[in-house]
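# Per-entry structural report
Next come the chains, spelled out residue by residue.
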Amino acid sequence: SLTVGVLALQGGVGEHTGLLRKAAAHLGAEFDLVEVRTAEQLARCDALIIPGGESTTMAIVARRLGLLEPLREFVKVDGKPVWGTCAGLVMLAEEASATKKGGQELVGGLDVRVLRNRYGTQIQSFVADIQLPFLGEAEKPFRGVFIRAPVVDEIIITPSVASQKTPEPVEVMGVFRKVGSTDVDGGSVEEDIVAVRQRNVFGTSFHPELTDDIRIHVWWLKQVLDTARHKGLPVDSAV
Ligand code: GLN
């Protein structure tokens, strides 16, 4: 069966493995779930989640453990499915701008610049319903948990993209609309990109693992299964 890792340097690791287990059961598929702290553990994985937490800390720990380069290879050379939530999304961005501090090491993979801490500090955390069309048109909105969340500020053209003949587009998978009260047409609309995908890389600003809604985990595991089938790997699932 396929091995799905959760990067376990820091942050919301157990919450993800918990929801992955439920999602796998829902799909009737077998996965080995591993917490990843070493390059050896990473090498065993067919797919990886980078959880929420604190991206600067995560990058420092990853550097110290010699995991940054293996992570970059996992994402960009091997092209294995990777999903980052919140700080994980920051890690997967090619560029990050912070409200306070500037440069930090990133894994990259998504040709975007994220704005860290878009909505302010911890106490300005909030929950909001978001429409995620990829879950299906008729689906009910997803409860987005935003904790010092980053958003995708801009889709950028990196040198590697510029050199490709047909670069893979960055797909906007979800937006958060904050309805203001200033507009004469009944409210101005502020819109932030809170879910994106490019090739094998998926990122969300919010924390599905802090809800009991398994839909995104189910959706993502299906992508993992599809990718494995394309590579001709043995897959233990009828889905
Ligand atoms: N603010 C954190 C960062 O920039 C992310 C917060 C989170 O993952 N909940 O890394």
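What counts and how
- Residues numbered from 1 in each chain as written.
- Predicted model: local features only at pLDDT ≥ 70, side-chain atom pairs only at ≥ 80, totals over all residues.
- Helix = DSSP H or I, 4+ residues; strand = E, 2+ residues; numbered from the N terminus.
- Buried ≥ 20, exposed ≤ 12 C-beta atoms within 10 Å, placed from the backbone.
- Contact = placed C-beta atoms within 7 Å.
- Near = placed C-beta within 6 Å.
- Nonpolar A, V, L, I, M, F, W, Y, C, P; charged D, E, K, R; others polar.
- Core = buried A, V, L, I, M, F, W, Y, C linked by C-beta atoms within 7 Å.
- UniProt positions renumbered as here; feature names shortened; annotations may be inferred.
- Axes fitted to C-alpha atoms, helices over the stretch in contact; angles between N-to-C directions.
- Parallel < 35°, antiparallel > 145°, perpendicular 65-115°, else oblique.
- Left-handed = near helix turned anticlockwise from the far one by under 90°.
- pLDDT = per-residue confidence, 0-100.
- Arc of directions from axis to C-beta.

### As for the overall build of the chain
- A tally of regular secondary structure across the chain gives seven helices and twelve strands.
- A principal-axis box enclosing the C-alpha atoms of the chain has dimensions of 60 × 40 × 40 Å.
- Taken across its 239 residues, the chain has 42% of its residues classed as buried.
- Within the chain, counting contacts between residues at least 6 apart in sequence, those at least 24 apart form 71% of the total.

### Focus on the site of the ligand
- Around the ligand, the surrounding shell consists of Gly52, Gly53, Glu54, Ser55, Cys86, Ala87, Val90, Arg116, Asn117, Ile147, Arg148 and Pro150.
- Class assignment for the residues of the shell around the ligand results in five nonpolar, four polar and three charged.

### Examining the nonpolar core
- Core analysis: the largest hydrophobic core is formed by 66 residues, its most contacted members being Leu48, Val82, Met91, Leu92, Ala93, Val114 and Val224.
- For this core, the element with the highest residue contribution is helix H7 (residues 215-230), accounting for six residues.
- Filtering out sequence-adjacent residues up to four positions away, Val82 remains in contact with Ala47, Leu48, Ile50, Phe74, Val75, Leu92, Gly109, Asn200 and Val201.

### Describing the UniProt feature "binding site: L-glutamine" (unreviewed entry) in the chain
- Following the UniProt record, the feature "binding site: L-glutamine" (unreviewed entry) maps to Gly53, Glu54, Ser55, Arg116, Ile147 and Arg148 here. Over a stretch of 96 residues, the named residues converge on one spot in the fold, their C-alpha atoms separated by at most 12.9 Å.
- Mapped onto the fold, Arg116 is located in the loop between strand E6 (110-115) and strand E7 (126-130).
- By the C-beta count within 10 Å, which is 24 here, Arg116 ends up buried.
- Inspection of the secondary structure assignment puts Arg148 in the loop between strand E8 (142-146) and strand E9 (151-155).
- Once you skip the residues sitting within four places of it in the chain, Arg148 turns out to touch Asn117, Thr121, Gln122 and Ser125.

### Focus: the UniProt feature "active site" (unreviewed entry) in the chain
- Those places that UniProt annotates as "active site" (unreviewed entry) correspond, in this numbering, to Cys86, His207 and Glu209. The named residues occupy 124 residues along the chain; their greatest pairwise C-alpha distance, 10.8 Å, places them in one compact cluster.
- One can find Cys86 in the loop between strand E4 (82-85) and helix H5 (87-92).
- Not counting residues within four places of it along the chain, the set of residues in contact with Cys86 comprises Gly52, Ile147, Ala149, Pro150, Ser205, Phe206 and His207.
- You can see His207 is positioned in the loop between strand E12 (201-204) and H7.
- If we skip the residues at most four places from it in the chain, His207 touches Gly12, Gly52, Thr85, Cys86, Val145 and Ile147.

### Examining the packing of helix H1 (residues 13-27) against H7
- Their axes nearest at 9 Å, the elements H1 and H7 cross at an angle of 65°. Classified by the angle their axes make, H1 and H7 are roughly perpendicular. With respect to the hand of their crossing, H1 and H7 are arranged in right-handed fashion. Seen from H1, the contacting residues are Leu19, Leu20, Ala23, Ala24, His26 and Leu27; seen from H7, they are His217, Val218 and Leu221.

### Quick notes on the confidence of the model for the chain
- Summarising the model, the chain shows a mean pLDDT of 91, and 92% of its residues fall at 70 or more.
- Interface confidence for the predicted complex, expressed as ipTM, amounts to 0.95; the pTM equals 0.92.

### Some thoughts on the environment of Ile216
- Looking at the secondary structure, you find Ile216 in helix H7.
- Sequence separation between Ile216 and Phe142 is 74 residues, and the spatial gap between their C-alpha atoms is 9.0 Å.

### Considerations on the environment of Cys45
- Here Cys45 shows up in the loop between helix H2 (39-44) and strand E3 (47-50).
- Those residues in contact with Cys45 that lie beyond four places of it in its chain are Thr3, Val4, Gly5, Val34 and Val36.

### Looking at helix H3 (residues 55-64)
- Buried residues of H3: Ser55, Met58, Ala59 and Ala62, and no others. Projected down its long axis, H3 carries its buried residues within an arc of 100°, all on one side.
- If you follow the buried residues of H3, they end up packed against helix H4 (68-77) and H5.
- A positive backbone phi angle near 70° is found at Gly66, which sits one or two residues after H3.

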